[in-house]
Amino acid sequence: MSLSLESAQKIFSGTQVPSPIPATIALFEQLSVDDKLALLWFAYTELGRTITPAAPGAARLQLAEGLLNQIKKMSNDEQMQVMREMTDHVDTPLSRSYANFSVNTKLAFWYELGELMKQGIVTPVPPGYQMGAGVKVVLEAIQKLDPGQQITVLRNTVVDMGYDPGADSSNYAKAAMEPMFPRTTPSPTKITIEGVTEPAVLSYIEALNVDNFDAAVALFTPNGALQPPFQKPIVGPQAIAAYLRAEAQGLNIMPETGISEVLVDGSKQIKITGRVQTPWFGVQLGMNIAWRFLINPEGKIFFVAIDMLASPQELLNLRPA
Ligand code: 45D
């Protein structure tokens, strides 16, 4: 019997809890452009009281330097106009250049703009801005999220900005030519997962913890798939490798506990929960994450879904009620 992607996506679905993240982003999407910019500033500075992103290295900032220098030379009104156009996906040369950046370079660009806002070189909020009721609603929704979910909302809004002419063009390839994200903390070495000893799973985690994406991809079947949080599955080793190089650099993966079930055809479904640290926030912030693996009878990964959890309590949610 061959495994299907559709059925793989459903493994352990009885243990899954709906995430508030898509609903929060949908609320954000309904705001006017000035409300969106103001909201991001309030959310970012609010968050910054407890956690602040690590400064991106000089090598990465260099990739965004051209755009940043253009913006620095502008008047405050022009700066605000550029930010509005990026947020509204208006087709301008600057919006296009931005959309071409890899995810980490987009974050680095906004990190630097945020610094310029703190220094008063760029205005954070449209002049004369009055906070409307809608902004308060979204801000409160964000405040209720756990920190890992809050930074996911920020990240997703940043990634979505700019103007991308290709309908579904991917900029994962760009990341391969960029400097690696430096690790902020040493990666975990000895991995043990309570309840799970599957070699492919342990090797997957170990490979990601040293940024060895070729080793991670070698653990998948030729038609294997990886489904990131809130995304469609990425299918095939080449596509997975490009994705991991772009998005999984510098992660510290700390699985804790799991459950493993052998299916009739000899394949296994395994659910693991644990914490993941992003190099953007280091040890300050652990995201609560679940992995749902489908391992074929030969011990290769056919499918893994990565889910963002709300709370540490959800980490214990391994069996359907
Ligand atoms: O508009 O097993 C201002 C995979 C003003 C791989 C601003 C994974 C106005 C396989 C505030 C300045 C990758 C899937 C904007 C595992 C304005 C695997 C700036 C999971 C925009 C485990 C805002 C990995 C700024 C995960 C600067 C789950 C915002 C990784 C900065 C998750 C936000 C990583 C930052 C996350 C957000 C990183 C730096 C969620 C970073 C988030």
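(A) Fine view of the overall build of the protein chain. Within the protein chain, the secondary structure is distributed over 13 helices and 6 strands. Against the compact-globule benchmark of 20 Å for 321 residues, the protein chain has a radius of gyration of 21 Å, which places it among compact chains. Judged by the C-alpha coordinates and their principal axes, the protein chain covers about 65 × 40 × 35 Å. Per-residue burial over the protein chain gives 51% buried out of 321 residues. About 14,800 Å² of surface is accessible on the protein chain, with carbon and sulfur atoms providing 56% of the total. In the protein chain, 24 side chains carry a positive charge and 31 a negative one; their mean positions are 2 Å apart.

(B) Expanded view of the packing of helix α4 (residues 58-73) against helix α6 (residues 93-100). It is at 10 Å that the axes of α4 and α6 come closest, and there the two elements cross at 145°. The way α4 lies across α6 gives a crossing that is left-handed. Here Leu-67, Gln-70 and Ile-71 of α4 lie close against α6, whose contacting residues are Leu-94, Ser-97 and Tyr-98. Broken down by class, the residue content of the contact of α4 with α6 amounts to 4 nonpolar, 2 polar and no charged.

(C) How the structure looks around the sheet that holds strand β3 (residues 252-262). Spatially, β2-β1-β6-β5-β4-β3 is the arrangement adopted by the 6 strands of the open sheet, whose pairing is mixed. Edge positions in the open sheet fall to β2 (234-235) and β3, since each of these has one partner strand only. One ladder, built from 4 bridges, connects strand β1 (residues 220-227) with strand β6 (residues 301-308); its direction is parallel. Pairing of Gln-227 across the sheet is with Ala-305, part of β6.

(D) Representation of the packing of aromatic side chains in the model. Tallying each qualifying case throughout the model produces 6 aromatic pairs. For the ring pair Phe-109 and Trp-110, a centre distance of 5.6 Å and an interplane angle of 85° mean the geometry is edge-to-face. Here the aromatic rings of Tyr-204 and Phe-220 are separated by 6.3 Å at their centres, their planes lie at 65°, and the arrangement is edge-to-face. Residue Tyr-204 is located in helix α11 (residues 199-209), and its partner Phe-220 is located in strand β1; the two are separated by 16 residues in the primary sequence. Phe-220 shares its class with Tyr-204; the two are buried. Of the aromatic side chains, those joined through ring pairs into one cluster are Tyr-98, Phe-101, Phe-109 and Trp-110.

(E) Region of the structure containing unusual backbone geometry. Residue His-89 is not a glycine yet carries a positive backbone phi of 60°. Among the secondary structure elements, His-89 is positioned in the loop between α5 (76-87) and α6. By relative accessible area, His-89 is classed as partly exposed at 30%. Phi at Phe-230 is positive, roughly 60°, even though this residue is not glycine. Locating Phe-230 in the fold gives a position in the loop between β1 and β2. On the accessibility criterion, Phe-230 (39% relative accessible area) is partly exposed.

(F) Layout of the domain arrangement of the protein chain. By the assigned domains, the protein chain splits into domain 1 (5-17 + 177-318) and domain 2 (21-165). Between the C-alpha centres of domain 1 and domain 2 the distance comes to 29 Å. Listed per partner, the contact involves 20 residues of domain 1 and 24 residues of domain 2. Here domain 1 meets domain 2 over a buried area of about 1,800 Å², counting both sides, of which 62% is carbon and sulfur. The largest per-residue losses of area from domain 1 upon contact with domain 2 belong to Glu-178, Trp-280 and Phe-281, which jointly make up 35% of the total buried on that side.

(G) Looking closely at helix α7 (residues 103-118). Between the first and last C-alpha of α7 there are 23 Å, a value that for 16 residues agrees with the 22 Å anticipated at 1.5 Å per step. Where burial is concerned, most of α7 is hidden: 14 out of the 16 residues are buried. Looking one or two residues beyond α7, the residue adopting positive phi is Gly-120, at roughly 80°.

(H) View of the site of the ligand. Every one of the 30 residues lining the ligand counts as a neighbour, but Leu-40, Tyr-44, Trp-110, Tyr-204 and Trp-291 are closest to it. Here Tyr-204 contributes a side-chain N or O atom positioned 2.5 Å from an oxygen atom of the ligand. The side chain of Trp-291 places a nitrogen or oxygen atom 2.9 Å from an oxygen atom of the ligand. A total of 990 Å² of accessible area belongs to the ligand in isolation, and the protein chains cover 97% of it. Take the shell around the ligand: its biggest share by element is 5 residues, from α7. Two domains each donate at least three residues to the shell around the ligand, and these are domain 1 (5-17 + 177-318) and domain 2 (21-165).

(I) Inspection of the side chain of Glu-247 at higher detail. Positionally, Glu-247 belongs in helix α13 (residues 237-247). Judged by relative accessible area, which is 15%, Glu-247 ranks as buried.

(J) Geometry of the pairing of β3. Relative to strand β4 (residues 268-277), β3 runs antiparallel, the two sharing 10 bridges. Within the sheet, the bridge partner assigned to Ile-253 lies in β4 and is Val-276.

Conventions used here
Residues numbered from 1 in each chain as written. Predicted model: local features only at pLDDT ≥ 70, side-chain atom pairs only at ≥ 80, totals over all residues. Heavy atoms only, no water. Helix = DSSP H or I, 4+ residues; strand = E, 2+ residues; numbered from the N terminus. Rg over C-alpha atoms; globule rule 2.2 N^0.38 Å. Buried < 20%, exposed > 50% of the residue type's maximum accessible area, 1.4 Å probe, protein only. Areas by Shrake-Rupley, 256 points an atom, 1.4 Å probe, with all protein chains shown as cover. Lys, Arg positive; Asp, Glu negative; His and termini not counted. Charge placed at Lys NZ, Arg CZ, Asp CG, Glu CD. Axes fitted to C-alpha atoms, helices over the stretch in contact; angles between N-to-C directions. Left-handed = near helix turned anticlockwise from the far one by under 90°. Contact = heavy atoms within 4.5 Å. Nonpolar A, V, L, I, M, F, W, Y, C, P; charged D, E, K, R; others polar. Pairing = 2+ DSSP bridges. Phe/Tyr/Trp six-rings, centres within 6.5 Å; stacked < 30°, edge-to-face > 60°. Domains from an automatic or database assignment. Buried area = accessible area lost by both parts, 1.4 Å probe. Expected span 1.5 Å × (residues − 1). Near = heavy atom within 4 Å. Polar contact = N/O pair within 3.5 Å; in protein donor to acceptor, adjacent residues only side chain to side chain.

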